[in-house]
Amino acid sequence: GAEFALASFDPASAEQKAQARAGRGRRATFGFRSVRGVLFDMDGTLLDSMGVWDTIGERCLRLHGKTPQPGFRDRIRMLNLRQASTIIQQEYGVDLPLETLMDEANRLVREFYVREAKLKPGVLPILQELAARKIPMRIVTATNERLADMVFRRLGLRDLFAGIDSCSATHYGKESEECFLNAAAKIASGLDPSSVAVFEDSALALETASRAGFRTIGLYDASAAMFQERVRAACGLYLSSFKELSL
């Protein structure tokens, strides 16, 4: 399995980036002495759930008799729910308050999280090992916090996480460094980003976290298959699956 030297990893290392692009650099020891926290994306990283989000905007538009323009799905892919609802409201002329549109979208996906959402392969042993080593973990997600809380309680894993940070609640999307910096500050005030690992499947989020100085691990997800070269280039370590990772 892949192993990653967090203790010695330099997020700005050109060699590490070249190795990530080539899919190599996976045989070091995953050291924890300098790691003080881990931030996990949820959808597409911990959960096999991107399918429901890939279609939710289109479903909302069609509920109101609107036809999505070409490229609509890709455009809203990395937006939080408030940002996507703003586009539906302002650009498609759906005359409803933002909160109503957000509630509508949440209703459409709630049943999926309540009944169907599941962990991606290899996630559970990694979470259990991090918890055993008492490394604080937080979830940083564009999904509504209540939905995130609901699914991890159903899976029996909510207590493994120190908290859930929803972009919809903080009003910072993952294009903003503040999204990750604020989450890290909740682990410990003044925490240096270089001592925090960020797991993400999104190239945009990985680029943001890297700019902010975090240690970045990119995960493959089928929903972003066309962006994998960008994902590889944005992270310090690239994984096709959590099964490749040894702690």
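Sequence positions are assigned chain by chain, starting from 1 and proceeding in written order. The predicted nature of this model means local features are confined to residues of pLDDT at least 70 and side-chain atom pairs, given and counted, to a pLDDT of 80 or more, with totals for whole chains, interfaces and linings taken over all residues. Computation of side-chain values: all heavy atoms of the structure, hydrogens and water removed.

Undergrad: Is there a simple way to explain the pairing of strand β5 (residues 196-200) in this structure?
TA: Looking along a regular strand, one sees side chains alternate from face to face of the sheet. Relative accessibility under 20% of the residue-type maximum defines a buried residue, over 50% an exposed one, and the middle range a partly exposed one, all with a 1.4 Å probe and only protein chains included. Helix and strand labels come from DSSP, where a helix needs a run of H or I of at least four residues and a strand needs a run of E of at least two; each type is numbered from the N terminus. Burial analysis of β5 places 5 of its 5 residues in the buried class, which makes it a mostly covered element. Burial of β5 is two-sided: the residues Val196, Val198 and Glu200 facing one way and the residues Ala197 and Phe199 facing the other way are all buried. One bridge is not enough; two strands pair if DSSP finds at least two bridges between them. Bridge count between strand β2 (residues 37-40) and β5: 4 bridges; the pairing is parallel. Across the sheet, the residue bridging to Leu39 is Val198, located in β5. As judged from the 4 bridges shared by β5 and strand β6 (residues 215-219), these two strands associate in the parallel manner. Note on β6: the bridge partner recorded for Glu200 is Gly218.

Undergrad: Can you help me understand the pairing of β2 in this one?
TA: Burial of β2 is two-sided: the residues Gly37 and Leu39 facing one way and the residues Val38 and Phe40 facing the other way are all buried. For β2 and strand β3 (residues 137-141), the ladder comprises 3 bridges, and the chain directions are parallel. Following the sheet pairing, Val38 is matched in β3 by Met137.

Undergrad: So what exactly am I meant to see when it comes to the sheet that holds strand β7 (residues 237-239) here?
TA: Within a sheet, each strand pairs with its neighbour through backbone hydrogen bonds, oriented either parallel or antiparallel. Read across the open sheet, the 6 strands follow the order β4-β3-β2-β5-β6-β7; overall the sheet is parallel. Pairing within the sheet leaves two strands with one partner each, and these edge strands are β4 (163-166) and β7. Taking the axes of each pair of neighbouring strands and ignoring which way they run, one obtains an average angle of 20° across the sheet. With axes taken as lines fitted to C-alpha atoms, and helix axes fitted only over the stretch in contact, angles between N-to-C directions fall between 0 and 180 degrees.

Undergrad: Where do I start with the packing of aromatic side chains in this structure?
TA: The description of two aromatic rings rests on the distance between their centres and on the angle between their planes. Aromatic rings from Phe, Tyr and Trp, with only the six-membered ring used for Trp, were paired whenever their centres fell within 6.5 Å, and each pair was classed as stacked if the ring planes differed by under 30 degrees, edge-to-face if by over 60, and tilted otherwise. Tallying each qualifying case throughout the model produces 7 aromatic pairs. Ring centres 6.4 Å apart and planes at 45° place the aromatic pair Phe40 and Phe242 in the tilted group. Here Phe40 is found in strand β2, whereas its partner Phe242 is found in the loop between β7 and β8 (245-246), with 202 residues between them in sequence. Taken as a pair, Phe40 and Phe242 share a single burial class, namely buried. These aromatic residues form a ring-pair network of at least three members: Phe40, Phe199 and Phe242.

Undergrad: Would you explain the layout of surface pockets in this entry?
TA: A water-sized probe, rolled over the atoms, reveals where empty space remains. Grid spacing is 1 Å over the protein atoms alone, the probe is 1.4 Å, and a cavity is where that probe fits but cannot get out, while a pocket is an open set with protein on both sides within 12 Å along at least five of seven lines and lining residues have an atom within 4 Å of a point. Grid points are joined across faces, edges and corners, and a volume is the space filled by probe spheres set on the points. The volume enclosed by the largest pocket comes to roughly 610 Å³. Lining the largest pocket are 35 residues, and of these Met50, Ile76, Arg77, Met78 and Leu79 lie nearest its centre. In terms of residue count, the dominant contributor to the lining of the largest pocket is helix α2 (residues 50-63) (6 residues).

Undergrad: Sorry, what's going on with the pattern of salt bridges here?
TA: Side chains that differ in sign of charge can pair as their charged atoms come close. Salt bridges are counted wherever a side-chain nitrogen of Lys or Arg sits within 4 Å of a carboxyl oxygen of Asp or Glu. Tallying each qualifying case throughout the model produces 15 salt bridges. A salt bridge links Glu111 to Arg115, with the shortest nitrogen-to-oxygen separation between them at 3.3 Å. Residue Glu111 and its partner Arg115 are located together in helix α5 (residues 98-115), separated by 4 residues, close to a single helical turn. For the salt bridge of Asp165 with Arg138, the shortest nitrogen-to-oxygen distance reads 2.7 Å.

Undergrad: I'm lost on empty space enclosed by the protein in this one. Help?
TA: Across all of its chains, the model carries 1 cavity of 30 Å³ or more by this definition. Roughly 40 Å³ of internal volume is contained in the largest cavity. Contributing to the lining of the largest cavity are Val140, Asp165, Ser166, Cys167, Thr170, Cys179, Asn182 and Lys186.

Undergrad: Is there a simple way to think about α5 in this case?
TA: Every α-helical turn comprises 3.6 residues, leaving residues that sit three or four positions apart pointing alike. The end-to-end C-alpha distance of α5 is 27 Å, a good match for the 26 Å that 18 residues give at a rise of 1.5 Å each. Axes are fitted to the seven residues ending at a residue and to the seven starting at it; the angle between these axes is taken as the bend at that residue. Within α5, the axis deviates most sharply at Val109, by approximately 35°. Residues count as neighbours in contact if any of their non-hydrogen atoms are within 4.5 Å of one another. Along its buried surface, α5 packs onto α2, α4 (81-91), α7 (145-154) and α8 (167-170). Expected span, for any helix, means 1.5 Å times one less than how many residues it has.

Undergrad: Is there a simple way to think about the packing of α5 against α7 in this case?
TA: Here α5 crosses α7 at 15°, and the two axes come no closer than 8 Å. If you check the angle between α5 and α7, you find them roughly parallel. As for the relative orientation of α5 and α7, their crossing is right-handed in sense. Along its contact with α5, which presents Asn106, Val109, Arg110, Tyr113, Val114 and Arg115, the element α7 presents Leu147, Met150, Val151 and Arg154. Nonpolar residues are Ala, Val, Leu, Ile, Met, Phe, Trp, Tyr, Cys and Pro. Charged residues are Asp, Glu, Lys and Arg, and all others, Gly as well, are polar. Considering only residue class, the contact of α5 with α7 consists of 6 nonpolar, 1 polar and 3 charged. Oblique is the label for any angle not under 35 degrees, not over 145, and not in the 65 to 115 range, which are roughly parallel, roughly antiparallel and roughly perpendicular in turn. Here is the rule for handedness: rotate from the far helix to the near one, and if that takes an anticlockwise turn smaller than a right angle the crossing is left-handed, while a clockwise turn gives right-handed.

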